[in-house]
Number of protein chains: 2
Amino acid sequence: MLRGDITVAIRNAVMSELAEVGYGRLSIEAVARRAGVGKTAIYRRWSNKLEMVMEIISDVAERKVPLPDTGSFSGDLQLLLMIVSTALQHRIASQIIPDLMAEAARNPQIAETLQRALRTHQQAVGEKLIGQAVARGELPEGTDPDVAVDMILGPLYWRLAVARQPIGEDYLEKFTVAVTAALRATG
Amino acid sequence: MLRGDITVAIRNAVMSELAEVGYGRLSIEAVARRAGVGKTAIYRRWSNKLEMVMEIISDVAERKVPLPDTGSFSGDLQLLLMIVSTALQHRIASQIIPDLMAEAARNPQIAETLQRALRTHQQAVGEKLIGQAVARGELPEGTDPDVAVDMILGPLYWRLAVARQPIGEDYLEKFTVAVTAALRATG
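As recorded by an unreviewed UniProt entry, chain A carries the name TetR/AcrR family transcriptional regulator and is attributed to Actinoplanes hulinensis.

Peer 1: Before we go on, may I ask you to explain the overall build of chain A in this structure?
Peer 2: A count of helical and extended segments in chain A gives nine helices and zero strands. When the helices and strands of chain A are listed from N to C terminus, the series reads α-α-α-α-α-α-α-α-α. Considered along the principal axes of its C-alpha atoms, chain A spans approximately 55 × 30 × 30 Å. Contacts in chain A between residues far apart in sequence, at least 24 positions, make up 67% of those at least 6 positions apart. Across chain A, the 21 positively charged side chains and the 22 negatively charged ones have centroids separated by 8 Å.

Peer 1: Would you mind going over the interface of chain A and chain B with me for this structure?
Peer 2: It is common to report an interface's size as the accessible area lost on association of the parts. Counting from both sides, the interface comprises 45 residues of chain A and, opposite them, 45 residues of chain B. Both faces considered, chain A and chain B share a buried interface measuring about 3,800 Å² in area, 60% of it formed by carbon and sulfur atoms. It is R106, D150 and W158 of chain A that lose the most area in chain A upon contact with chain B, and together they represent 19% of the buried surface on that side. Inspection of the chain A/chain B interface yields ten salt bridges. Our enumeration of links across chain A and chain B arrives at 14 residue pairs in polar contact (both at pLDDT 80 or more). Listed by contribution, the elements that provide at least two residues to the side of chain A that touches chain B are α1 (3–21), α6 (91–104), α7 (108–135), α8 (145–162) and α9 (169–186) of chain A. Among the elements that make up the side of chain A that touches chain B, the one with the highest residue count is α8 of chain A (13 residues). For the side of chain A that touches chain B, the class distribution of residues is 26 nonpolar, eight polar and eleven charged.

Peer 1: Before we go on, may I ask you to explain the nonpolar core in this structure?
Peer 2: Considering soluble globular proteins, one finds that nonpolar side chains tend to be buried as a cluster. F73, I152 and Y157 of chain A together with F73, I152 and Y157 of chain B are the most contacted members of the largest nonpolar core, which has 68 residues in total. Of all elements in the fold, only α5 (73–89), α7, α8 and α9 of chain A together with α5 (73–89), α7 (108–135), α8 (145–162) and α9 (169–186) of chain B reach the threshold of two or more residues within this core. Grouped together as the second largest cluster of nonpolar side chains are 29 residues, A9, I10, L50 and I56 of chain B included.

Parameters at a glance
- Residues numbered from 1 in each chain as written.
- Chains lettered and ligands numbered in written order.
- Predicted model: local features only at pLDDT ≥ 70, side-chain atom pairs only at ≥ 80, totals over all residues.
- Heavy atoms only, no water.
- Helix = DSSP H or I, 4+ residues; strand = E, 2+ residues; numbered from the N terminus.
- Contact = heavy atoms within 4.5 Å.
- Lys, Arg positive; Asp, Glu negative; His and termini not counted.
- Charge placed at Lys NZ, Arg CZ, Asp CG, Glu CD.
- Buried area = accessible area lost by both parts, 1.4 Å probe.
- Salt bridge = Lys/Arg side-chain N within 4 Å of Asp/Glu carboxyl O.
- Polar contact = N/O pair within 3.5 Å; in protein donor to acceptor, adjacent residues only side chain to side chain.
- Nonpolar A, V, L, I, M, F, W, Y, C, P; charged D, E, K, R; others polar.
- Core = buried A, V, L, I, M, F, W, Y, C linked by side-chain atoms within 4.5 Å.
- Buried < 20%, exposed > 50% of the residue type's maximum accessible area, 1.4 Å probe, protein only.

Here you go:
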């Protein structure tokens, strides 16, 4: 295998192991076996399990989510909801995220990595989505991006990752109306 | 110890062990040691670890949260936010909830127990809080309690349990205005 291929194979193996057994039970041995590489290939890249998992998670979690401009806040919002709900319903995300969040309660380094990834996404949503809507005159100048992010991502995360209830067409429409009214009221 | 005292001691020990080591690493031995009882006292009550943890968690999680009528939706909402934020910031809750949610992704029985507890609280919020506001004429007749629960609990859970950012006085006020506008718009 080429050097780059080995790194990809290790990254995929780490993600699968995280989904299957969780961080606590993940072992370098199992990752090496699944990736089809020797343990030395791993130790050449990272000095321990925490470092390996954190670098891979940061890479995946901080990847820019494309937030295209659909021309309207309602269109942008529906697109974002689609992207987030697809990501949250993916088997790997639905198992890895709760597991790392549980570890974060005990491990400050994991907590810091997750917080950094989260801030990247929160900023993207706050600046791009809200910024565009304000520029179009759909939301008032003073719209608080902090409240906006909570009002958009919060209910979505709650419904899909905590309550684990499906989202119907009807719900998406009501949600868009509700969020728009909420943000107009705080501006 | 009296029979009831033993049960209380075991329950407290289970909660502390869950917070400290998590469900995966929790052992009947450690619970017995911490509670100051013999392992037989535990096996007389539950046949295994899963049954023990699920019964205790159900008991705690399904305890009715008092939702008093403050006379206004804004008052009720602020009181609820205070109760939920205190609960979510409690060390035990902030470690046990993420841990059990992670286990739920792998264990259907844990998932079912958490979902049941959640539904109890969602119903309470939907019926009592929203019902009172509709009765007072503060929210329209057709307010969707499903959307309402997501719009109230979602941002709160997101901010306190996921993003782990503090809630200031100012935020609470903006949030109340935003949620009220959101719910009026969907009614």
